[in-house]
Amino acid sequence: MDRVDKETRSRTMAAVRSTNNRSTEWKVRSALIRAGLKGWVVRDTRVFGKPDFTFPKHNLAVFVDGCFWHGCPKCRKTPNSNTSYWTKKIQRNWNRDKAITAQLRRSGWSVVRIWEHELCSSKPPIRRIQTKLIGISELVPRRRPIRVPTGAACRRKGK
Ligand SMILES: [Zn+2]
């Protein structure tokens, strides 16, 4: 059993969730900027499912899913306490994500879902967004390199 009461726990988890969201959103934002991609909007609440990023001109929705909350098959780790509570909760999120993706696609949107863990991998997930955009429009710069700059390169850019 958990030592903390339900209310404290849900407050703690909400805080964890919102901090994670902010930092992953920030990582994606800066990756989009570095890749030279333009025309995106952060969390447009008018779009069904409230995608984390949308490219309205291209009808492209991008979701960045936290590995824990959305049940990433690669990183899945169910907490030892209240296992059935968490399993159900994560399953619900997983089902909702699938339903949202399907509904958006039915209404003519392209959908890219990025796992939080992909943001730390050597293969930048931004490439998937870029590929989609190139598929949709010729306006997107093809040759722009999307390598993640090192610290030195970032500093030089400012001059
Ligand atoms: Zn993961």
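Attention here is on the structure that accompanies the text. (Residues numbered from 1 in each chain as written. Predicted model: local features only at pLDDT ≥ 70, side-chain atom pairs only at ≥ 80, totals over all residues.)

**Overview of helix α2 (residues 83-106)**
Here is step 1: If you check α2, its first and last C-alpha atoms are 35 Å apart, about what 24 residues at 1.5 Å a residue would give, namely 34 Å.
Here is step 2: Among the 24 residues that make up α2, one are buried, leaving the element largely open to the surroundings.
Here is step 3: Of the residues trailing α2, G108 is marked for its positive phi of about 90°. (Helix = DSSP H or I, 4+ residues; strand = E, 2+ residues; numbered from the N terminus. Expected span 1.5 Å × (residues − 1). Buried ≥ 20, exposed ≤ 12 C-beta atoms within 10 Å, placed from the backbone.)

**Quick look at the environment of T54**
Here is step 1: Along the chain, T54 turns up in strand β2 (residues 53-55).
Here is step 2: Classification of T54 as buried rests on a count of 23 C-beta atoms within 10 Å.
Here is step 3: In this structure, the C-alpha to C-alpha distance between T54 and G39, residues 15 residues apart in sequence, is 8.4 Å.
Here is step 4: Residues in contact with T54, not counting those within four places in the same chain, are W40, V41, D44, V47, L60 and A61. (Contact = placed C-beta atoms within 7 Å.)

**Overview of the pairing of strand β3 (residues 60-65)**
Here is step 1: Here β3 lies mainly inside the structure; six of its six residues are buried.
Here is step 2: Alternating residues of β3 divide into L60, V62 and V64 and A61, F63 and D65, and every residue in both groups is buried.
Here is step 3: Pairing analysis gives three bridges linking β2 to β3, with the strands arranged antiparallel. Along β3, the bridge assignment pairs T54 with A61.
Here is step 4: Between β2 and β3, which pair antiparallel one after the other, the connecting turn spans four residues, and N59 there sits at a positive phi close to 50°.
Here is step 5: Taken together, the six bridges between β3 and strand β4 (residues 110-115) define a ladder with parallel strand orientation. Across the sheet, the residue bridging to L60 is S110, located in β4. (Pairing = 2+ DSSP bridges.)

**Observations regarding the sheet that holds β3**
Here is step 1: Pairing is mixed in the open sheet, where four strands are placed in the order β1-β2-β3-β4. Edge positions in the sheet fall to β1 (41-42) and β4, since each of these pairs with one other strand and no more.
Here is step 2: Across the face of the sheet, α2 comes into contact with β3 and β4 while running at roughly 155° to β4. (Axes fitted to C-alpha atoms, helices over the stretch in contact; angles between N-to-C directions.)

**Overview of unusual backbone geometry**
Here is step 1: Of note, the phi angle at R43 is positive, near 40°, even though the residue is not glycine.
Here is step 2: Exposure remark for R43: the 12 C-beta atoms within 10 Å place this residue in the exposed category.
Here is step 3: Even without being glycine, N82 reaches a positive phi, approximately 50°.
Here is step 4: Mapped onto the elements of the fold, N82 is located in the loop between β3 and α2.

**Quick notes on the environment of D52**
Here is step 1: With respect to the helices and strands, the residue D52 is situated in the loop between β1 and β2.
Here is step 2: Separated by 61 residues in sequence, D52 and R113 place their C-alpha atoms 9.7 Å apart.
Here is step 3: Not counting residues within four places of it along the chain, the set of residues in contact with D52 comprises E25, R43, V62, F63 and V64.

**Details of the nonpolar core**
Here is step 1: Counting 17 residues, the largest nonpolar core has L60 and V62 as its most contacted members.
Here is step 2: Elements with a contribution of two residues or more to this core: α1 (6-34), β2, β3, β4 and α3 (126-136).
Here is step 3: Sorting elements by how many residues they give to this core places β3 first, with five residues. (Core = buried A, V, L, I, M, F, W, Y, C linked by C-beta atoms within 7 Å.)

It is worth stressing that arrangement in space is one thing and function is another; only the former is reported here.
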